[in-house]
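One letter stands for each residue in the lines below.
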Amino acid sequence: GATLGMLGGGQLGRMFTTAAQTMGYKVIVLDPDKNSPAGIIADQHICAAYTDEAALTELAQHCAAITTEFENIPASTLAFLEKRTVVHPSSSALASTQNRNTEKIFIRAQGIATVPFVRITSRDDFADISTQIKFPAILKVATFGYDGKGQIVCEDVQAAYEAFDALGQKECVLEQRIDLEREISVVLARGEDGQITAFPVAENVHINGILHSTTVPSAAAETQQQAAIEMAGKIADGLDYVGTMAVEFFVSKQGEIIANEIAPRPHNSGHYTLDACKTSQFEQQVRMLCGLPAGSSQLISPVVMINILGDVWGNSQPDWDKLLNQPDIKLHLYGKREARAGRKMGHFNVLADTTDLAMQSANTVFEDIKAD
Ligand code: ATP
Ligand code: MG
Ligand code: MG
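Before going into details, it helps to say that this report is about the structure given with it.

About the criteria used
Residues numbered from 1 in each chain as written. Chains lettered and ligands numbered in written order. Predicted model: local features only at pLDDT ≥ 70, side-chain atom pairs only at ≥ 80, totals over all residues. Helix = DSSP H or I, 4+ residues; strand = E, 2+ residues; numbered from the N terminus. Rg over C-alpha atoms; globule rule 2.2 N^0.38 Å. Buried ≥ 20, exposed ≤ 12 C-beta atoms within 10 Å, placed from the backbone. Contact = placed C-beta atoms within 7 Å. Near = placed C-beta within 6 Å. Nonpolar A, V, L, I, M, F, W, Y, C, P; charged D, E, K, R; others polar. Domains from an automatic or database assignment. Pairing = 2+ DSSP bridges. Axes fitted to C-alpha atoms, helices over the stretch in contact; angles between N-to-C directions. Core = buried A, V, L, I, M, F, W, Y, C linked by C-beta atoms within 7 Å. Expected span 1.5 Å × (residues − 1).

1. Comments concerning the overall build of the protein
1) Next: Counting secondary structure elements, the protein contains eleven helices and 18 strands.
2) Next: Its C-alpha radius of gyration of 20 Å places the protein within 12% of the 21 Å reference for a compact globule of 372 residues.
3) Next: The C-alpha extent of the protein, read off along each of the three principal axes, is 60 × 50 × 45 Å.
4) Next: In the protein, which comprises 372 residues, the proportion classed as buried is 44%.
5) Next: Put simply, of all contacts in the protein between residues at least 6 apart along the chain, 62% involve residues at least 24 apart.

See the structure below:
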């Protein structure tokens, strides 16, 4: 098989690497960290900065096609590689998702709702803010935020001023806080021919801004799920996206479907596909990158996915036998050397006849490993 390139060595890159190697490809990972989860299992690890032109040239020389697992790779890096080999997603698709303000403007241009928001670049932008959005609101840094980092809830204008200072007066977006009925996401694969294969809608619970659990099938109304799939497809078309990507949605108490953000890569809420779908989101990423037909995204079983954060590690790793002894629970660890609070260390999928049963058994096991 050919050699594929992966920009970024995190867990998403690692699961791509495993899928690609299983399918007969070699993988070269570029990541500045010599202990990165993907780098340590790749056929070759180029340990260099994403802006290192000699390293990028070497990567392009060896790879039939290159993709990424990380939306904060400089778009200029992808543009550099695009002149030398096949790159998916494109530098322009990536660029559209790197700033929360331009991302929301792009989403609205596709005719899709976002939360009411105001771009903030200086203190002056708060002057007549109350005419534009209602408080409480959330101030978020426009770039490089993830897992709820760089976000401050503001009860009023005064708090928003203080939050802007606390975030270093960097470009921000002030978003109205929505009363959420639930959160859902759509992970999909789109090919060079524009054909879209969506996975079943995922229902997500976040704790402290970090994904905690994903349940599939979602309890959202069938019409809402269809609407979300349609919107995610429009966004993928608008980006002329090739690969696996995700769109996160809020469902408001009024039943409105509101796009939250785009992930130009496989998504944490798609990890359930590893055990519960005929094709995983990572196999799909390999397929799209290589111009192969998409695999079936059909759900095999109701499933609940639970993230394992560094918080549950304590002084040593939990007793994984508590999970491994259960035949319908599938453990996935990412090989990270250091456990920190809030850091994603792994996840597990629970398969059962119903999502209620899967959730019960997921909660029991999670409490059990937390108690270690
Ligand atoms: P990631 O990229 O890891 O998903 P992030 O740092 O980009 O996270 P967001 O998706 O912006 O964070 O927000 C994290 C969570 O915080 C959301 O999934 C939701 O639960 C809550 N949240 C964010 N913005 C809003 C909002 N405007 N109204 C209500 N809840 C919100
Ligand atoms: Mg995000
Ligand atoms: Mg998010």
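2. Considerations on the site of ligand 1
1) Next: Contacts to ligand 1 come from 18 residues, most closely from E175, R177, I178, H206 and G209.
2) Next: Contributions of two or more residues to the shell around ligand 1 are made by β7 (137-141), β10 (180-190) and β15 (257-263).
3) Next: Tallied by class, residues from the shell around ligand 1 come to five nonpolar, five polar and eight charged.
4) Next: Shared between two domains, the shell around ligand 1 holds at least three residues of each, these being domain 2 (116-176) and domain 3 (180-370).

3. A closer look at unusual backbone geometry
Excluding glycine, most residues fall at negative phi; most peptide bonds, likewise, are trans.
1) Next: Cis peptide bonds are those with omega within 30 degrees of zero, and the linkage from F135 to P136 qualifies with 0 degrees.
2) Next: Within the secondary structure layout, P136 lies in the loop between β6 (117-120) and β7.
3) Next: Omega for the peptide link from V216 to P217 comes to 0 degrees, which places this bond in the cis form.
4) Next: Backbone geometry places F144, a non-glycine residue, at a positive phi of 70 degrees.
5) Next: Along the chain, F144 falls in the loop between β7 and β8 (151-154).
6) Next: A positive phi angle, close to 55 degrees, is found at Q169, a residue other than glycine.
7) Next: Relative to the helices and strands, Q169 is located in the loop between α6 (157-166) and β9 (172-176).
8) Next: Since 12 C-beta atoms lie within 10 Å of it, Q169 is described here as exposed.

4. As for the sheet that holds β8
1) Next: Strand order in this open sheet of four strands is β6-β9-β7-β8, and the pairing throughout is antiparallel. One side of each edge strand has no neighbouring strand; the edge strands of this open sheet are β6 and β8. Along the sheet, successive strands turn relative to each other by an average axial angle of 20 degrees, direction set aside.
2) Next: Both β6 and β9 contribute to a ladder of four bridges, which runs antiparallel. Considered in β9, the bridge of R119 is made with V173.
3) Next: Across the sheet, α6 touches β6, β7, β8 and β9, and the angle it forms with β8 is around 165 degrees.

5. Examining the nonpolar core
Looking at soluble globular proteins, one finds that nonpolar side chains tend to be buried together.
1) Next: Among the nonpolar cores identified, the biggest contains 79 residues, and I235, V247 and V303 are the most heavily contacted of them.
2) Next: Shared between two domains, this core takes at least three residues from each, and those domains are domain 1 (3-87) and domain 3 (180-370).
3) Next: Leave out the neighbours within four places in its chain, and I235 touches I107, Q110, I112, V247 and I262.
4) Next: Core analysis: the second largest hydrophobic core is formed by 14 residues, I138, L139, C154 and A160 among them.

6. Some points on helix α9 (residues 281-289)
Because an α-helix completes one turn every 3.6 residues, residues spaced three or four positions apart along the sequence face the same direction.
1) Next: Judged by how many residues are buried, α9 sits mostly within the fold: nine of nine residues are covered.
2) Next: Inspection of α9 places Q281, F282, E283, Q284, Q285, V286, R287, M288 and L289 among the buried residues, and these make up the whole buried set.
3) Next: Structurally, α9 contributes buried residues whose contacts are with β1 (3-7), α1 (11-22), β4 (65-68), β10, β14 (243-252) and α8 (273-276).
4) Next: With its phi angle positive at about 70 degrees, G291 sits one or two positions after the end of α9.

7. Concerning the environment of A163
1) Next: Along the chain, A163 falls in helix α6.
2) Next: Note on A163: 20 C-beta atoms within 10 Å, which makes it buried.
3) Next: A163 sits 72 residues away from S91 along the chain, and the two C-alpha atoms are 32 Å apart.

8. A short note on the environment of V29
1) Next: For V29, the position within the fold is in strand β2 (residues 26-30).
2) Next: Using a count of 29 C-beta atoms within 10 Å as the deciding quantity, one classes V29 as buried.
3) Next: On a C-alpha basis, the gap between V29 and S252 in space is 40 Å, while along the polypeptide they are 223 residues apart.
4) Next: If sequence neighbours within four positions are ignored, V29 has contacts with M6, G9, G13, T17, S36, A38, G39, A42 and H45.

9. Things to note about the sheet that holds β2
1) Next: With respect to topology, five strands assemble into an open sheet ordered β3-β2-β1-β4-β5, the strand pairing being parallel. Strand pairing shows two members of the sheet lacking a second neighbour, β3 (44-46) and β5 (86-87), which therefore form its edges.
2) Next: Pairing of β4 with β5, which is carried by two bridges, proceeds in the parallel orientation. Bridged to A65 within β5 is V86.
3) Next: The sheet contacts of α1 involve β1 and β2, and relative to β2 the element is tilted by about 165 degrees.

10. Quick word on helix α7 (residues 222-239)
1) Next: The terminal C-alpha atoms of α7 lie 26 Å apart, and with 18 residues this matches the ideal 26 Å at 1.5 Å per residue to within 8%.
2) Next: D240 occupies a position one or two residues after α7 and carries a positive phi of about 50 degrees.

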